Amino acid sequence: MSGVFISYRREDSSGYAGRLFDILSGRYGKENVYMDLDTIQGGDNFATVIEDKIGQCDALLAVIGDRWLTCTGADGGRRIDAERDYVRMEIAKALERGVRVIPVLVSGGKMPHQTDLPENLRLLALHQAMDLRDAHFHTDADLLMDVLKQTVPSMASKPRKAGTNRFAVAGLAVLAIAMIVCSILVFWRGKPMVDPPIDGAAAAAQAGSGVDSSGKPGKARVNISGKWKATVTYDWPGAVYEETFNFEIAGTEVSGTASFLKADRGIFDGKIEGDRISFVTKTIATMDDKSSQDVHSYKGVVEGDTIRFTMLTDSSVESHVPIHFAAKR
């Protein structure tokens, strides 16, 4: 069984953890998401339940608010320093088992340094963090879902169940009657109800004027082909670069190049749907003589001659947060 474990402190981030639980449960099913308030029953041994549930999960979300590191216990000491602290136990067990740990920063929370953590949690400081900002909660949550999709590919989204109530039955009956009436009208007029074909020039004119291929008013296709430039501030001190994007469009597919640290990278898995564009690029990163492949995931919204991007780097050697920038023609 695959699943996601949500680790948090009640006094630090219970509201955010609850919203995450609702989103994940709606997408993957409640049975695949673990959060202590809904799962631990009276009389259960907390440590045993933690070990059992983390053993069933492929990812742990460590929700970190501004008090996550400094919350104190009855003795006045930091709770994270106590061996029986449940948050410490949850994350330490996940790190020990090789479960993917994703720090999720909320309400001003910051990634802790290795020196701030007990020894069995120090690897946490090297993991890539993601933000859940109040003003962009659903956008940031979508980015988190994308990362989980890569981490837990076997946990498919929960399909929606079709309703069979009397309103649905009535709707189907109305639809059937409408289809019969249309068929009678077609026969009576003696001509098929199809639109005449349009040539390439007419199609291009319609695409640029907000008319779809049927000749009816619709949303004009966004054209992002060509060169775009952006000033990008990355998530380490002094890292400001002028980046260039060269997009090639074929239907809904996007290809071309996107520079990272002023070096062009090939675009993979690119697509454009309406005014939304997404793609990934890849970079070889080296730290402490170890090399790994970083994956940079871009999501953007086209607004005229501006594309507002969010870029997330998935790295196994260092921690990153999503960055935001605007590209212009």
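From a predicted model like this one, the values you see are computed outputs, not experimental measurements. (Residues numbered from 1 in each chain as written. Predicted model: local features only at pLDDT ≥ 70, side-chain atom pairs only at ≥ 80, totals over all residues. Heavy atoms only, no water.)

So, on to the sheet that holds strand β5 (residues 130-132). Within a beta sheet, neighbouring strands are joined by backbone hydrogen bonds and run either parallel or antiparallel to one another. Spatially, five strands are ordered β2-β1-β3-β4-β5 in an open sheet, and the strand pairing comes out parallel. Unpaired on one side and paired on the other, β2 (33-34) and β5 mark the two borders of the sheet. As paired elements, strand β1 (residues 4-7) and β2 share two bridges and run parallel to each other. For Phe-5, the partnering residue across the bridge sits in β2 and is Tyr-34. (Pairing = 2+ DSSP bridges. Helix = DSSP H or I, 4+ residues; strand = E, 2+ residues; numbered from the N terminus.)

Looking only at helix α3 (residues 46-55), the buried set comprises Val-49, Ile-50 and Ile-54. Here the buried residues of α3 occupy an arc of 120° about the axis, which is enough to place them on one side. Looking at the buried side of α3, the elements it contacts are β1, β2, β3 (59-64) and α4 (86-97). (Buried < 20%, exposed > 50% of the residue type's maximum accessible area, 1.4 Å probe, protein only. Arc of directions from axis to C-beta. Contact = heavy atoms within 4.5 Å.)

Moving on: the pattern of salt bridges. Applying the stated rule across the entire model yields 13 salt bridges. The salt bridge partner of Arg-97 is Glu-51, with a shortest N-O separation of 3.6 Å. Of the two residues, Arg-97 sits in helix α4 while Glu-51 sits in helix α3, which places them 46 residues apart along the sequence. Ionic pairing is found between Lys-93 and Glu-96, a salt bridge with its closest N-O pair at 3.6 Å. Here Lys-93 pairs with Glu-96, and both are found in helix α4, just three residues apart, close to one helical turn. Counted as one network, the salt bridges with shared partners bring together Arg-9, Glu-11, Arg-79 and Asp-85. (Salt bridge = Lys/Arg side-chain N within 4 Å of Asp/Glu carboxyl O.)

Turning our attention to the pairing of strand β6 (residues 226-233). Bridge analysis of β6 against strand β7 (residues 240-250) gives eight bridges, and the strand direction is antiparallel. Along β7, the bridge assignment pairs Gly-226 with Phe-247. Pairing of β6 with strand β14 (residues 323-328) involves two bridges; the strand directions are antiparallel. Directly across from Lys-229, in β14, lies its bridge partner Lys-328.

Another aspect to go through is empty space enclosed by the protein. Counted by the stated rule, this structure contains two cavities of 30 Å³ or more. The calculated volume of the largest cavity comes to roughly 50 Å³. Around the largest cavity sit Tyr-234, Asp-235, Trp-236, Phe-260, Met-311, Leu-312, Thr-313, His-320, Val-321 and Ile-323, which together line it. Looking at which element gives the most residues to the lining of the largest cavity, the answer is strand β13 (residues 306-314), with three residues. Of the residues assigned to the lining of the largest cavity, the class counts are seven nonpolar, two polar and one charged. Volume-wise, the second largest cavity comes out at about 30 Å³. When residues of the lining of the second largest cavity are traced back to their parent elements, those giving at least two are α5 (137-151) and β13. Looking at the lining of the second largest cavity residue by residue, the class counts come to two nonpolar, two polar and one charged. (1 Å grid on protein atoms, 1.4 Å probe; cavity = no way out; pocket = protein on both sides within 12 Å on 5 of 7 lines; lining within 4 Å. Points joined across faces, edges and corners; volume = space filled by probe spheres on them. Nonpolar A, V, L, I, M, F, W, Y, C, P; charged D, E, K, R; others polar.)

The next thing to look at is the side chain of Asp-140. Looking at the secondary structure, you find Asp-140 in helix α5. Asp-140 sits in the buried class, given a relative accessible area of 2%. Within the structure, Asp-140 has its side chain in polar contact with the side chain of Arg-133 (distance 2.8 Å). Residue contacts for Asp-140: discarding those within four places in its chain leaves Asp-131, Leu-132 and Arg-133. (Polar contact = N/O pair within 3.5 Å; in protein donor to acceptor, adjacent residues only side chain to side chain.)

For the rest of this paragraph, the subject is the packing of helix α1 (residues 10-28) against α5. Contact geometry for α1 and α5: axes closest at 12 Å, N-to-C directions at 55°. Between α1 and α5, the angle is such that the two are oblique. Crossing angle aside, the handedness with which α1 passes α5 is right-handed. Contacts between α1 and α5 involve Tyr-16, Arg-19, Leu-20, Ile-23, Leu-24, Arg-27 and Tyr-28 from the first element and Phe-137, His-138, Ala-141, Asp-142, Leu-144, Met-145, Leu-148 and Lys-149 from the second. Class assignment for the residues of the contact of α1 with α5 results in 10 nonpolar, one polar and four charged. (Axes fitted to C-alpha atoms, helices over the stretch in contact; angles between N-to-C directions. Parallel < 35°, antiparallel > 145°, perpendicular 65-115°, else oblique. Left-handed = near helix turned anticlockwise from the far one by under 90°.)

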